[in-house]
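Coordinate analysis (summary)
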Amino acid sequence: QVQLVESGGGLVQAGGSLRLSCAASGIIFRINAMGWYRQAPGKQRELVAAITRGGSTTYAGSVKGRFAISRDNAKNTVYLEMNSLKPEDTAVYYCNAEGVHITGSTTNFWGQGTQVTVSS
């Protein structure tokens, strides 16, 4: 199985920046797409950004131009650079990874979440 460990969350003022990291470890044949989701109080979890193994990226409209996702395949690590943060970015951010087993089947793995709080 795969464990995802996130780091980098915290409290920042509006307009500031944070960088989230998520390292995957464990026994798996391959990790395909990795991504970041967030969930604010009283709201559903939503996709923030995702990146394929080949480096293609997808962003939520609300973060496009402010956030940048990247990954290091050799380290099975994904990063989220967050700039120009707004109070509405406040949420618990979750790392997600699609793991591929030797059989070809896939499993979605989740991190424990890291809190990002943006003060106005």
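Now for a description of the structure that goes with this document. (Residues numbered from 1 in each chain as written. Predicted model: local features only at pLDDT ≥ 70, side-chain atom pairs only at ≥ 80, totals over all residues. Heavy atoms only, no water.)

Scanning the chain from terminus to terminus reveals zero helices and 11 strands. The helix and strand sequence of the chain, counted from the amino end, reads β-β-β-β-β-β-β-β-β-β-β. In terms of overall dimensions, the chain is globule-like: its C-alpha atoms have a radius of gyration of 14 Å, near the 14 Å expected for 120 residues. Counting only C-alpha atoms, the chain reaches 50 × 25 × 20 Å along its principal axes. Counting all 120 residues of the chain, 39% fall into the buried class. (Helix = DSSP H or I, 4+ residues; strand = E, 2+ residues; numbered from the N terminus. Rg over C-alpha atoms; globule rule 2.2 N^0.38 Å. Buried < 20%, exposed > 50% of the residue type's maximum accessible area, 1.4 Å probe, protein only.)

Side chains that differ in charge, positive against negative, can pair when their charged atoms come close. Inspection of every chain in the model, using the stated rule, returns four salt bridges. Asp89 is the partner of Arg38 in a salt bridge, and the nearest nitrogen-oxygen pair spans 3.0 Å. Taken together, the residues Arg38 in strand β4 (residues 30-39) and Asp89 in the loop between β8 (77-82) and β9 (91-100) connect sequence positions 51 residues apart. Salt-bridge contacts for Asp89 lead to Arg66; the nearest nitrogen and oxygen are separated by 2.8 Å. Of the two residues, Asp89 is situated in the loop between β8 and β9 and Arg66 in the loop between β6 (57-59) and β7 (67-72); the sequence distance between them amounts to 23 residues. Exposure class is identical for Asp89 and Arg66. Each is buried. (Salt bridge = Lys/Arg side-chain N within 4 Å of Asp/Glu carboxyl O.)

Attention now goes to the state of the cysteines. The final tally for this structure, using the stated rule, is one disulfide. The disulfide partner of Cys22 is Cys95, and the gap between their sulfur atoms is 2.1 Å. On the sign convention where negative means left-handed, the S-S torsion of about -85 degrees between Cys22 and Cys95 marks this disulfide as left-handed. Residue Cys22 is located in strand β3 (residues 18-26), and its partner Cys95 is located in strand β9; the two are separated by 73 residues in the primary sequence. Of the two residues, Cys22 and Cys95, neither departs from the other in class, the shared state being buried. (Disulfide = S-S within 2.5 Å.)

With six bridges joining them, strand β1 (residues 2-7) and β3 adopt antiparallel strand pairing. Residue pairing across strands places Gln3 opposite Ser25, the latter belonging to β3. Sheet topology places β3 next to β8; six bridges connect them, and they run antiparallel. Bridge pairing links Ser21 to Tyr79 in β8. (Pairing = 2+ DSSP bridges.)

Moving on, we get to the side chain of Thr77. Note on placement: Thr77 falls in strand β8. Within the structure, Thr77 has its side chain in polar contact with the backbone oxygen of Lys75 (distance 2.9 Å). Contacts of Thr77, omitting those with residues within four sequence positions, involve Cys22, Ala23, Met34, Ser70, Arg71 and Asp72. (Polar contact = N/O pair within 3.5 Å; in protein donor to acceptor, adjacent residues only side chain to side chain. Contact = heavy atoms within 4.5 Å.)

Let us look at the sheet that holds β8. Backbone hydrogen bonds are what pair the strands of a sheet, in a parallel or an antiparallel way. With antiparallel pairing, the four strands of this open sheet are ordered in space as β1-β3-β8-β7. Each edge of the open sheet is held by one strand with a lone partner, namely β1 and β7. Taken pair by pair, the neighbouring strands of this sheet meet at an average axis angle of 15 degrees, ignoring direction. (Axes fitted to C-alpha atoms, helices over the stretch in contact; angles between N-to-C directions.)

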